[in-house]
Amino acid sequence: MSHTSMRRAAVVAFSAMLVATGLTIGVGPGVAGAAECSPSSHATKRDFSTVWITHNYTKTVTPTEVAAGGLVTYKSVVGTTSIGNPYLNTFIDYPPAGFGAPVKATVKRYTFPGGQQTAEFTPVPNGAGYQVTSPGWFINASNPVVVEMTYQVPEDTTPGSTVTSGGIKTKGTVGIANTLPNLTACFTVRHQNPGEVVDGSLDDSGFGSGEGQLSATGSLEESLARILGDVLDGLISS
């Protein structure tokens, strides 16, 4: 039998064992309550401060379902569909209450002569939020500013609950400054799937991989393959 076939057979056998021992866990609530938990929101600003130019603000969260301890990313877009070229120099994101500092923050903005480019920034605390700053990010109809901040969901978050973020705050020129506490995004906390349970148990016991972070999908087969891989390779080669 080939190494690949043996690996797959072991994964299938281990999966069957998880089901037989009752380790398989449901994926959390169904569609009930989905209408009350929106993963995105949108706002506009058009008044004398913007010289009647429309500015747009959007905030979205992904994924829309995640287990406690997992990662969520809030994507905020600040742009305009009208003429004009405001400059954004400060962006503040307000995560859900109880969340720690972002583990990663990026800003996609217009650069000359490179055009739209994404770079990592180090956010700093600002009240209940975290801010990134610049001398000025140029905005026009073709070049919005896109800020993404990634946070870890607290380990004690209750499965089945919904989590709603705070809003955003912006500062800059030509009326782009705005405070939007209701520009929120909501996700649902699901139960850990079997692969995440196994990963967490091994990590707690000191047997997890040094690279042992969960796959983006939380796939059982991916997690088990990673966990069993080194062991199987050792057995097969012996």
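Data block above holds the structure.
Now for a description of the structure that goes with this document. The structure presented is a predicted model; accordingly, all values stated were derived computationally and were not measured.

### Quick notes on the nonpolar core
(1) Moving on: Counting 29 residues, the largest nonpolar core has Val-72, Met-149 and Phe-187 as its most contacted members.
(2) Moving on: Contributing elements (two or more residues each) for this core: β2 (55-62), β4 (71-80), β5 (87-93), β6 (104-111), β9 (129-138), β10 (145-152) and β14 (186-190).
(3) Moving on: Broken down by element, the residue count for this core peaks at four residues, all from β10.
(4) Moving on: In this structure Met-149 touches Val-72, Thr-73, Tyr-74, Phe-91, Asp-93, Pro-102, Lys-104, Ala-105, Pro-123, Tyr-130 and Val-132, once residues within four positions along its chain are discounted.

### What to know about the packing of aromatic side chains
(1) Moving on: The final tally for this structure, using the stated rule, is seven aromatic pairs.
(2) Moving on: Measuring from ring centre to ring centre gives 5.9 Å for Tyr-74 and Tyr-151, while their planes differ by 65°; the resulting arrangement is edge-to-face. Here the residue Tyr-74 occupies a position in strand β4, and Tyr-151 occupies one in strand β10, the gap between them amounting to 77 residues. Just as Tyr-74 is buried, Tyr-151 falls in that class too.
(3) Moving on: Their ring planes at 65° and their centres at 5.6 Å tell us that Tyr-87 and Phe-138 sit as a pair that is edge-to-face. You can see Tyr-87 sitting in strand β5 and its partner Phe-138 sitting in strand β9, a full 51 residues away along the chain.

### Description of the sheet that holds strand β3 (residues 65-67)
(1) Moving on: An order of β3-β14-β11 is seen for the three strands of this open sheet, with the pairing classed as mixed. The outermost strands of the open sheet, each flanked by one partner alone, are β3 and β11 (162-164). Within the sheet, the average angular offset between the axes of one strand and its neighbour, ignoring direction, is 40°.
(2) Moving on: By the bridge criterion, three bridges tie β11 to β14 in an arrangement that is antiparallel. Paired with Thr-164 across the bridge in β14 is Cys-186.

### Concerning unusual backbone geometry
Negative phi values dominate among residues other than glycine, just as trans dominates among peptide bonds.
(1) Moving on: Along the chain, Thr-62 connects to Pro-63 via a cis peptide bond; the corresponding omega equals -10°.
(2) Moving on: Tracing the sequence through the fold places Pro-63 in the loop between β2 and β3.
(3) Moving on: For the bond running from Phe-112 to Pro-113, omega is 5°, close enough to zero to count as cis.
(4) Moving on: Mapped onto the elements, Pro-113 comes out in the loop between β6 and β7 (115-120).
(5) Moving on: In this model, Trp-52 sits at a positive phi of 60°, which is unusual for a non-glycine residue.
(6) Moving on: Along the polypeptide, Trp-52 turns up in the loop between β1 (40-45) and β2.

### A closer look at the pairing of β14
When a strand is regular, its side chains alternate between the sheet's two faces.
(1) Moving on: Summarising burial for β14: five of the five residues are buried, a large majority.
(2) Moving on: Residues Cys-186, Thr-188 and Arg-190 of β14 are buried on one face, and the alternating residues Phe-187 and Val-189, pointing to the opposite face, are buried as well.
(3) Moving on: Relative to β14, β3 is paired through three bridges, and the arrangement is parallel. In the strand pairing of β14, Val-66 is matched with Val-189.

### Structural notes on the state of the cysteines
Put plainly, a disulfide is one covalent bond tying together the sulfur atoms of two cysteines.
(1) Moving on: A complete count under the given rule lists one disulfide for this structure.
(2) Moving on: Linked covalently through their sulfurs, Cys-37 and Cys-186 form a disulfide whose S-S length is 1.9 Å. On the sign convention where negative means left-handed, the S-S torsion of about -100° between Cys-37 and Cys-186 marks this disulfide as left-handed. Of this pair, Cys-37 sits in the loop between α1 (3-20) and β1 while Cys-186 is found in strand β14, placing the two residues 149 residues apart along the sequence. One exposure class covers both Cys-37 and Cys-186, and it is buried.

### A look at the side chain of Lys-59
(1) Moving on: Among the structural elements, Lys-59 can be located in strand β2.
(2) Moving on: In this structure Lys-59 comes out as buried when scored by relative accessible area, which is 0%.
(3) Moving on: Here Gly-166 takes part through its backbone oxygen, which lies 2.9 Å from a polar atom of the side chain of Lys-59.

What counts, and where the lines are drawn
Residues numbered from 1 in each chain as written. Predicted model: local features only at pLDDT ≥ 70, side-chain atom pairs only at ≥ 80, totals over all residues. Heavy atoms only, no water. Core = buried A, V, L, I, M, F, W, Y, C linked by side-chain atoms within 4.5 Å. Buried < 20%, exposed > 50% of the residue type's maximum accessible area, 1.4 Å probe, protein only. Helix = DSSP H or I, 4+ residues; strand = E, 2+ residues; numbered from the N terminus. Contact = heavy atoms within 4.5 Å. Phe/Tyr/Trp six-rings, centres within 6.5 Å; stacked < 30°, edge-to-face > 60°. Pairing = 2+ DSSP bridges. Axes fitted to C-alpha atoms, helices over the stretch in contact; angles between N-to-C directions. Disulfide = S-S within 2.5 Å. Polar contact = N/O pair within 3.5 Å; in protein donor to acceptor, adjacent residues only side chain to side chain.

Coordinates in, geometry out; function isn't part of it.
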